[in-house]
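Read off the chains here:
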Amino acid sequence: MKSIEISPSQYVMVIDADRCTGCGACMVACAIENNVAPAHPDATDRTGVTWMKVVKVSSGNNGDGKPACYLPLPCQQCAAETPCVTVCPQNAVEVDQQTGIVFQMSQRCLGCRYCMAACPYHARYFNWWDPEWPEGMEQTLNPDVAPRMRGVVEKCNFCHGRYQAARASAAEHGQASSDPVTYEPACAQACPTRAIKFGTPANNEQGVGDLVHSSSAFRLLPRLGTEPRVYYLSKHKWIRQMAQMEKETSTGEEVHG
Amino acid sequence: MNSGRLSFLAGLVGMLLIGWVFFPSLLYQKEPQPLQFSHAVHTGEAVGMTCDNCHTFTADVRSMAIPRLSNCKECHSEVLGESEAEKRLVDEFVAHDREIPWRTYSRQPDNVYFSHIQHVQIAEIECERCHGSHGKSETLTDRQINRISGYSRNIEGQIIPGLRFKAWDRMKMDDCSDCHDERGASNSCLKCHK
Amino acid sequence: MSSALSRRNILKLAGGSALGFLLSPMPWKMLDDISIWTQNWSWIPKLRRGPVTHKYTSCTLCPNACRVNARMISETPVSLWGAPDPCVGHSYLCSVGLAGHHLAYHPSRVRNAHRFTATENGISSEQLSVEDAIAHIAKILHNIHVRPEEGEFALFDCRPHGMVSDIQQIFLSHVLGARYIVPDHHEGRFMRALMEMTEDPGQSYGLDFSRTRTLLSFGVSLFEGWGISPLVVEQFRSRREEFNIIQIDHHQSSSSIVADTHIAIKPGTEMALALGLAHVIVGERLYDPASAARAVDLKRNKPFSFMDLTRRFPPGRVASVTGIPEDVIVRTAREFASNRPATAIADDFAPAELIHSVWILNHLVGATGKNGSVVQKRPLPQPWKGAHRTPPTRLRNVPDHSLRLLMIDASAADTTVSWPDLRRKMRAENATIVLCSPYRPKRGESVDYLIPIHAPYETVRANPSGEYVATSAFQISTPLWSKSEEGCETWQILQRVVSASGAMTKEEFAQLEPEELLRLQCDAIFNSKRGTIHHPNNDETIPLGSVLSSGDFYATLMEGAAWSDDGVATSTNGRLFLMGKSTSSAQRFAESVLAFDNAGIDSNPSFPLLVVPVGEDVAARFGHVSPILSKIYQESDLKPRSRFAYLHHETARRFKLAAEQRVIIHSPHGATEAIVRCDSSVRPDTVQLSVSQLDAISPTRPRIINSYGGRVYTDQPIFVRIERARS
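Keep in mind that this is a model prediction, so the values were computed, not measured.

## Some points on a nonpolar patch on the surface
Taken together, the side chains of Leu-9, Val-13, Leu-17, Ile-18, Trp-20, Val-21 and Phe-22 of chain B make up a nonpolar region of the molecular surface, amounting to roughly 610 Å² of accessible area. Within the secondary structure, Ile-18 of chain B sits in helix H1 (residues 3–27).

## Quick look at the interface of chain B and chain A
Taken together, the contact between chain B and chain A spans 19 residues of the former and 23 residues of the latter. The interface formed by chain B and chain A contains 1 salt bridge. Of the charged contacts, one joins Lys-191 of chain B and Asp-96 of chain A as a salt bridge, the two residues approaching to 3.7 Å between their closest N and O atoms. Counting across the chain B and chain A interface gives 11 residue pairs in polar contact (both at pLDDT 80 or more). Secondary structure elements with two or more residues in the side of chain B that touches chain A: helix H6 (116–122) and helix H10 (189–192) of chain B. Split into classes, the residues belonging to the side of chain B that touches chain A amount to 8 nonpolar, 7 polar and 4 charged.

## What to know about the side chain of Glu-156 of chain B
Counting through the fold element by element, Glu-156 of chain B comes out in helix H8 (residues 153–156). Its relative accessible area of 4% is what places Glu-156 of chain B among the buried residues. Looking at Glu-156 of chain B, its side chain comes within polar contact range of the side chain of Tyr-28 of chain B, at 2.6 Å. Glu-156 of chain B has contacts with Tyr-28, Asn-146, Ser-149, Tyr-151, Arg-170 and Lys-172 of chain B together with Lys-29 and Asp-33 of chain C, leaving out every residue within four places of it along the chain.

## Re the pairing of strand S2 (residues 143–146) of chain B
Residues and elements named next belong to chain B. The alternating pattern of S2 places Arg-143 and Ile-145 and Gln-144 and Asn-146 on opposite faces, both of which are buried. Of the pairings in the sheet, the one linking strand S1 (residues 28–31) to S2 comprises 4 bridges and is antiparallel in character. Along S2, the bridge assignment pairs Lys-30 with Gln-144.

## Quick look at the side chain of Gln-33 of chain B
Residue and element names in this part refer to chain B. Residue position: Gln-33 is located in the loop between S1 and helix H2 (39–43). Within polar-contact distance, the side chain of Gln-33 engages the backbone oxygen of Arg-103 at 2.9 Å. When near neighbours in sequence (up to four residues on either side) are disregarded, Gln-33 contacts Trp-102, Arg-103, Tyr-105, Leu-140, Thr-141 and Asp-142.

## Some remarks on the interface of chain A and chain C
The interface of chain A with chain C comprises 70 residues on the first partner and 56 residues on the second. Across the interface of chain A and chain C, roughly 5,300 Å² is buried in total on both sides, 61% from carbon and sulfur atoms. The interface formed by chain A and chain C contains 1 salt bridge. Here Asp-144 of chain A and Arg-71 of chain C are joined by a salt bridge, their closest N and O atoms 3.0 Å apart. Linking chain A with chain C are 14 residue pairs in polar contact (both at pLDDT 80 or more). Only helix H1 (25–33), strand S2 (53–58), strand S3 (68–73) and helix H5 (186–190) of chain A provide two or more residues apiece to the side of chain A that touches chain C. Considering each element in turn, the side of chain A that touches chain C owes the most residues, 7 residues, to H1 of chain A.

## A word on the packing of aromatic side chains
Evaluated as defined, the whole model comprises 17 aromatic pairs over all chains. Consider the rings of Tyr-163 of chain A and Tyr-183 of chain A, whose centres lie 5.7 Å apart with planes at 55°: the pair is tilted. On the criterion of sequence distance, the pair formed by Tyr-163 of chain A in helix H4 (residues 160–172) and Tyr-183 of chain A in the loop between H4 and H5 is long-range, its members being 20 residues apart. Both residues of the pair, Tyr-163 of chain A and Tyr-183 of chain A, count as buried. Centroid distance Phe-209 of chain C to Phe-243 of chain C: 6.3 Å. Interplanar angle 50°. Geometry classified as tilted. Taken together, the positions of Phe-209 of chain C in the loop between strand S8 (204–207) and strand S9 (214–218) and Phe-243 of chain C in the loop between helix H7 (229–238) and strand S10 (244–249) put the pair 34 residues apart, joining distant regions of the chain. As far as burial versus exposure is concerned, Phe-209 of chain C and Phe-243 of chain C are alike and both buried.

## Regarding the sheet that holds strand S1 (residues 12–16) of chain A
Residue and element names in this part refer to chain A. In space, the 4 strands of this open sheet follow the order S8-S1-S10-S9, with mixed pairing throughout. Edge positions in the sheet fall to strand S8 (196–199) and strand S9 (217–218), since each has one partner strand and no second. As paired strands, S9 and strand S10 (residues 230–233) are joined by 2 bridges and run antiparallel to one another. Bridge pairing in S10 links Ala-217 to Leu-233.

About the cut-offs
- Residues numbered from 1 in each chain as written.
- Chains lettered and ligands numbered in written order.
- Predicted model: local features only at pLDDT ≥ 70, side-chain atom pairs only at ≥ 80, totals over all residues.
- Heavy atoms only, no water.
- Patch = residues over 30% accessible without salt bridge, like charges linked within 9 Å, V, L, I, M, F, W, Y side chains within 5 Å.
- Areas by Shrake-Rupley, 256 points an atom, 1.4 Å probe, with all protein chains shown as cover.
- Salt bridge = Lys/Arg side-chain N within 4 Å of Asp/Glu carboxyl O.
- Helix = DSSP H or I, 4+ residues; strand = E, 2+ residues; numbered from the N terminus.
- Contact = heavy atoms within 4.5 Å.
- Polar contact = N/O pair within 3.5 Å; in protein donor to acceptor, adjacent residues only side chain to side chain.
- Nonpolar A, V, L, I, M, F, W, Y, C, P; charged D, E, K, R; others polar.
- Buried < 20%, exposed > 50% of the residue type's maximum accessible area, 1.4 Å probe, protein only.
- Pairing = 2+ DSSP bridges.
- Buried area = accessible area lost by both parts, 1.4 Å probe.
- Phe/Tyr/Trp six-rings, centres within 6.5 Å; stacked < 30°, edge-to-face > 60°.

Written out as structure tokens, the structure reads:
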């Protein structure tokens with residue numbers, strides 16, 4: 001298996017699975033930050049839109065004292081052979097060379113959902129319904145993120161709106177646009193236990209540079225060679241092993257995701 | 001000229017008239033500005049202001065550098081001249097501390113991210129490069145909103161067939177990316193879209 | 001030109017037009033614009049623009065009063081974030097709090113008063129002005145005043161807390177015969193139970209986990225953002241390694257997953273475990289000697305004394321009652337007693353005898369009066385100290401069918417009142433219920449009048465911190481929107497009703513505005529000269545003494561600052577009463593323990609499965625929360641759902657059931673439908689059901705619900721059997 005080194009000036013997210021309490025604050029903060037509408041009455045866990053989705057994973061009786069864990073699943077921002085980019089007939093997915101962020105251009109999206117089929121992490125969501133907010137609530141939309149329409153795919157982009165805002169403030173201080181900037185996605189800011197850390201390994205914000213090399217760090221489905229930019233941490237062996245599993249853990253009775 | 005050719009011409013000319021004259025006025029909805037304002041007076045020799053006296057750029061891109069009432073109040077806390085517009089400014093807005101609901105000509109669609117600060121301060125692009133002689137205009141024209149797309153005519157281009165002779169004639173995505181190409185700036189989608 | 005109308009000419013005209021059309025910009029421009037339109041449908045909301053500002057306030061959704069940093073665009077909040085809180089140490093909001101600014105736009109929000117009348121076709125509603133509604137209600141109150149035999153007038157305070165409840169009590173004391181009703185179970189119960197067991201009268205206590213090494217939680221939702229969780233989360237975040245959490249829980253809750261140890265227990269037997277642990281601690285002399293010296297009960301050995309009660313719960317017996325292995329019980333008791341400072345906690349909504357038993361454990365390990373555990377604090381300085389107040393009556397103590405007019409203050413967004421219980425207190429005929437709420441009544445809530453009040457963040461509200469924090473704190477929840485719409489608070493409606501009816505004996509408070517009341521509260525704190533003020537703007541803390549006037553203090557609080565009291569030097573020599581200070585409370589405790597001891601939990605062979613009630617989706621289903629919480633409760637499978645019956649695989653196999661199968665759940669009291677889900681975390685011989693499924697099968701009400709924490713308590717265990725549904 002070839003391994004592509006992620007550029008240290010690109011952003012990575014490190015999620016400590018042992019610290020996640022499954023409270024869902026990241027999911028709510030994400031939806032508010034990124035103008036994801038409340039669910040349509042018919043939406044389910046398969047048809048809803050949750051850029052950040054926390055799933056509960058059971059050990060199935062072989063957990064070393066930990067019967068289950070929670071895993072927050074944002075888009076894994078694959079660095080190599082990004083599957084959604086490869087399959088998109090519209091060039092609606094782009095990997096930014098500077099930040100490493102995989103970005104979905106919803107306006108260009110055709111809604112064919114090839115990318116959803118291609119994504120090994122089930123991190124992409126299709127808008128089965130028009131986004132609708134209760135009357136008046138549309139005034140509370142975040143001006144930094146454009147709302148999407150029915151019939152297009154969307155996903156986590158490491159709070160790209162916040163990245164741009166950080167860039168603008170760096171520019172205000174005379175910093176050139178090629179320099180990396182420090183910012184934090186909404187999920188990381190909202191996490192009560194600081195289980196989600198974010199930054200560039202080069203700058204080592206929130207210690208991410210050290211954490212990605214720690215012995216408890218792992219990534220999901222590494223054998224696919226997609227080199228995700230989302231790292232996980234766990235001291236529990238079974239959680240680290242689960243990430244290597246032959247089969248994806250999104251269905252079945254032991255995983256509620 | 002026979003009648004057949006005449007009817008043909010009548011249809012042709014009629015349609016051309018409709019297409020070139022009536023269609024644009026039908027397509028765009030005119031929205032008058034809440035208050036008249038002369039850029040020329042302010043930037044003229046008598047006052048001698050520059051663009052960035054009022055259009056201040058901060059990292060806060062959402063305010064779009066449209067001056068706030070506080071900019072006006074610095075000088076116009078009470079009536080200075082004789083113009084009707086100034087009287088209205090003081091009576092209706094300054095007196096009640098009410099922001100002027102300016103209609104932004106160059107408001108980009110919601111999925112566009114644009115930061116003045118990066119263009120003006122970092123890339124050192126002149127205001128005229130995109131806004132032309134707006135800074136020397138005597139009056140504020142009506143904003144024209146496309147009834148179908150909802151975009152401002154300043155974005156789509158004043159010249160109806162979509163031609164562009166001067167840099168500020170049109171502000172569509174291709175125009176942005178042309179300039180980015182010229183200057184070697186990145187044309188990645190993420191740079192300007194949100 | 002006579003031939004101009006010939007067909008040939010018309011065709012030529014059309015041809016010319018077609019060419020002209022193509023040569024005009026019309027088709028190309030339209031094509032372009034329409035394609036833009038399809039990418040950008042006009043009904044997709046447009047974003048607001050304007051400068052970004054930040055406003056500091058505090059959250060009123062639960063009694064924790066978390067500090068809030070609101071991100072505002074053009075005077076409208078777009079997101080809420082936690083702001084630093086020096087009192088608790090944390091700066092985050094829970095999932096419900098993060099979306100608190102949505103509550104003003106909740107789909108069931110009402111802006112007008114309504115009158116509801118029952119008709120043959122159901123309930124019809126009619127809009128009327130608030131003035132008219134108040135006039136109608138005042139007339140009823142006047143009638144009560146003239147003919148008291150027709151029934152009573154009462155106010156039901158859904159969440160008795162702080163200054164507003166205080167005002168309501170004082171106010172009602174001027175209304176002849178008025179009652180002030182509170183829910184049977186409400187916040188602060190756990191901490192208040194301690195006052196019954198310690199010597200100093202009038203002393204308040206708070207929890208200080210900053211040095212706690214072992215936290216023993218009896219089914220408390222530790223991470224759900226309600227009640228105790230900010231304190232727990234802060235320690236979990238900052239000193240995870242030294243903060244050992246033991247969670248005793250009847251199902252695999254999120255707290256039990258995150259805890260270092262999860263002890264799975266049979267529902268309803270938690271008190272037996274607590275007394276079992278006490279048995280081991282006393283038997284092995286693991287208790288703290290200083291505390292033992294203070295505990296009066298450890299020296300007595302009469303029947304029904306503490307020693308007598310704990311003797312009845314040896315580990316072996318507790319193991320058979322609770323389903324927990326004997327060695328786990330002994331090990332847990334040893335760990336709890338040796339890895340100190342240790343604190344045991346129970347839910348505010350837990351049964352009284354469980355709360356009592358948990359405090360016994362704390363007293364035994366010397367948690368009471370120790371830094372790192374249970375500390376003393378001074379209560380919040382109160383205005384109107386000597387004022388006469390109508391004492392609160394628990395809902396269950398209100399005589400049935402006694403109320404003629406009931407006003408309900410539902411300003412707390414999480415209100416989960418047992419409606420049938422309320423109804424039972426009303427007279428059978430001619431009774432009127434007035435709901436003061438920002439939202440329409442939910443299904444099954446039969447009210448006669450609805451008067452709209454402010455939603456959260458729409459007005460100034462006094463916001464004292466919850467009962468758990470180690471020092472008293474006070475902040476003001478300032479509005480996020482500038483005053484645009486008329487609205488009021490329940491106590492203002494109450495004032496207007498009472499004034500209009502002529503039932504008032506004194507005109508006190510009648511003209512006061514909310515701001516003036518807040519100023520009185522600020523005066524009281526200012527005059528105490530204690531504590532510090534923390535301003536989140538610059539994260540600075542200054543002593544209250546350095547503020548010049550009460551007016552300045554008020555202004556600082558209005559900017560989002562918070563006042564917190566100084567800590568108190570804790571005295572550790574007062575006596576401890578393990579059984580309760582008064583004879584009556586000791587007797588009550590002994591009786592409930594003995595009753596459990598005699599009856600235990602018995603199953604019936606025809607109803608072999610014990611119901612494990614969970615309520616993790618309660619807030620989303622019954623409370624008023626932002627619709628965006630659908631991300632957690634509808635669009636993901638994170639929390640157990642109410643349509644399902646969760647079973648262990650073995651149980652499913654034993655009853656020949658398969659996953660995703662439709663089943664009927666029978667209890668001796670009724671039946672309900674569900675869909676089977678298999679989950680290895682559910683104990684064999686139990687079925688995990690959501691609170692909304694209990695309606696049909698539960699013998700008793702009320703079910704006690706902590707709606708954000710997702711806790712459900714039933715008065716009695718429910719046993720069921722499951723059958724396949726005939727399709």
